[in-house]
Amino acid sequence: MENIQIDISNIFPFIQLEELNAYKALINKKVQMLNEKTGKGSDFLGWLGLPNNITQKEIDDIKNTAANLQKISDVIVVIGIGGSYLGARAVIEALSPHFKKKTNAPEIIFAGHNLSEDYHHELTEYLKDKDFSIIVISKSGTTTEPAIAFRILRKELEEKIGKSASQQRIVAITDAQQGALRTLANQEHYKTFAIADDIGGRYSVLTPVGLLPIACAGFNIDELINGAKKMLELSVAESFDKNPVYQYAAIRHLLYQKGKNIEILANYDLRLNFIAEWWKQLFGESEGKEHQGIFPASVSFTTDLHSLGQYIQEGLRNIFETVLSIETTHGQLKIPSDKDNFDKLNYLAGKPIDFVNKMAEKGTMLAHVDGGVPNIKITIPKLSEFSIGQLLYFFEKSCAISGYLLGINPFNQPGVEAYKKNMFALLGKPGFEKETEDMRQRVKKH
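Let us look at the structure shown here. Computed from a predicted model, the values in this text were never measured in an experiment.

1. Observations concerning the pairing of strand β3 (residues 107-111)
(1) Moving on: Of all the 5 residues making up β3, 4 are buried; the element is thus mostly covered by neighbouring parts of the structure.
(2) Moving on: When strand β2 (residues 75-79) meets β3, the two strands line up parallel, connected through 5 bridges. Across the sheet, Val77 pairs through a bridge with Ile109, a residue of β3.

Structural data, given as structure tokens:
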């Protein structure tokens, strides 16, 4: 199996085939809105044809920059938050060994995605005896979390090796023309890559935002892009029955109409945990608007079967699952026989652990369906750059169609500004004087 596959057989106890087939015309209409740029947020569709539109010159520039950073770095710190780091981290975690970093590649560490003082203090201590470089990702350069991290780490780097040498170790991915980070990068002569105006952060993993950190980690970005190209090709298939993107978007919306307003992304391999984190941002920021949308959650099985399994099996019946299944593992470890058989496992002797994992997966899906939880299964041939590229584009396009099915703009995030406004008021940021006074009055009342 070369391509990821979707299995929808476990949704039919909950959805009639006639209902699904009735969505064909509606899906085609929403896809037409995407292709013709007539829907909401159409100024942010640069990701749609990106796998085919990115040039070899751009790819080579990213790879050459990554090679230069690899030569001089023990550690590369990627500074960003939300879409500025989740895509890269998802791919790197999915492709990396569990217990050691990829050979001949620097360690990739992420910063600026939280405001934990201990995290950043420990990071500065960790970097004291390391040759480190920085990739800072921010369209404006003023987003609080990454701006604080960059200010601290830039100071650490300049004090350690000098300002001139630091300029060769800092790469800025930012707005092409304006913003605080663009101004600083031009002033300090940092190597830069531009964030396209028509690609939002959560759709940016196949731009330098994601590709440069992934290349620095030693992974094949050509194959990642090729995988996305293949899914783009599959996602324009005329036949609804052969189009996994159309089917996924339609089924999600149908289940939502039937009261299934929580989707759980389940995996059976820990390396997919950050794919789930990226997926949660993609769908959460895209769909959660105008008091509607499916709430995205995630679990890692079989671990979470011993914590959340009871709720999924017998809790409120407003959930459905999308299961990520990996067909082929990289290694194989068979269960040994034991003469005393104290744990009663000799019936599994000689079987690979993945066989047991697959049976747990199959048994869990059947149990959940019996318990009233519909299941969609997405099979990934193996964890490779090509397969992950397919998966990323699959979710991106499905998400856009899903947003249009809801009638909302899937490319903005107006609600994100609410917490920022309150935080700036509490911090006394210049320009927020009125909000600061209002906040003081609210705090007094509570």
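Resuming the write-up.
2. Topic: the nonpolar core
(1) Moving on: Core analysis: the biggest nonpolar cluster contains 97 residues, and Ile27, Ile135 and Phe395 have the highest contact counts within it.
(2) Moving on: It is helix α16 (residues 385-406) that provides the largest number of residues to this core, a total of 12 residues.
(3) Moving on: Aside from chain neighbours lying at most four places away, what touches Ile27 is Phe240, Tyr246, Ala249, Ala250, Ile401 and Leu405.
(4) Moving on: Counting 20 residues, the second-largest nonpolar core is a separate cluster that includes Val75, Ile109, Phe150 and Leu184.

3. Re the environment of Thr328
(1) Moving on: Mapping Thr328 onto the fold places it in the loop between β9 (319-326) and α15 (353-370).
(2) Moving on: Look at Thr328 and you get partly exposed, because its relative accessible area is 41%.
(3) Moving on: Considering only alpha carbons, one finds Thr328 and Leu383, 55 residues apart in sequence, at a separation of 8.1 Å.
(4) Moving on: When near neighbours in sequence (up to four residues on either side) are disregarded, Thr328 contacts Pro381 and Lys382.

4. Describing the pairing of β2
(1) Moving on: Of all 5 residues making up β2, 5 are buried, and the element is well covered by its neighbours.
(2) Moving on: Residues Val75, Val77 and Ile79 line one face of β2 and the alternating positions Ile76 and Val78 line the opposite face, and both faces are buried.
(3) Moving on: Both β2 and strand β4 (residues 132-137) contribute to a ladder of 5 bridges, which runs parallel. Bridged to Val75 within β4 is Phe132.

5. Considerations on the environment of Ser204
(1) Moving on: Note on placement: Ser204 falls in the loop between β6 (191-195) and α10 (208-216).
(2) Moving on: Exposure remark for Ser204: the relative accessible area of 3% places this residue in the buried category.
(3) Moving on: Taking the C-alpha atoms as reference, Ser204 lies 23 Å from Leu115; in sequence the two are 89 residues apart.
(4) Moving on: Setting aside its immediate chain neighbours within four residues, Ser204 contacts Gly83, Ile199, Val209 and Gly210.

6. Here we look at the packing of aromatic side chains
For any pair of aromatic rings, the description consists of the separation of the ring centres together with the inter-plane angle of the planes.
(1) Moving on: Within this structure, the stated rule accounts for 15 aromatic pairs.
(2) Moving on: When the centroid spacing of 4.9 Å and the interplanar angle of 25 degrees are considered together, the rings of Trp47 and Tyr203 count as stacked. With a gap of 156 residues between them, Trp47 in the loop between α2 (24-36) and α3 (50-53) and Tyr203 in the loop between β6 and α10 connect regions that are remote in the sequence. Both residues of the pair, Trp47 and Tyr203, belong to the buried class.
(3) Moving on: Grouping aromatic residues by their ring pairs yields a cluster made of Tyr248, Trp278, Trp279, Phe283, Phe394 and Phe395.
(4) Moving on: Cation over ring: Lys130 sits above Tyr126, and NZ or CZ is 3.9 Å from the ring centre.
(5) Moving on: Seen from the ring of Phe193, Lys191 lies directly overhead, with NZ or CZ sitting 4.9 Å from the centre.

What counts and how
Residues numbered from 1 in each chain as written. Predicted model: local features only at pLDDT ≥ 70, side-chain atom pairs only at ≥ 80, totals over all residues. Heavy atoms only, no water. Buried < 20%, exposed > 50% of the residue type's maximum accessible area, 1.4 Å probe, protein only. Helix = DSSP H or I, 4+ residues; strand = E, 2+ residues; numbered from the N terminus. Pairing = 2+ DSSP bridges. Core = buried A, V, L, I, M, F, W, Y, C linked by side-chain atoms within 4.5 Å. Contact = heavy atoms within 4.5 Å. Phe/Tyr/Trp six-rings, centres within 6.5 Å; stacked < 30°, edge-to-face > 60°. Lys NZ or Arg CZ within 6 Å of the ring centre and 35° of its normal.

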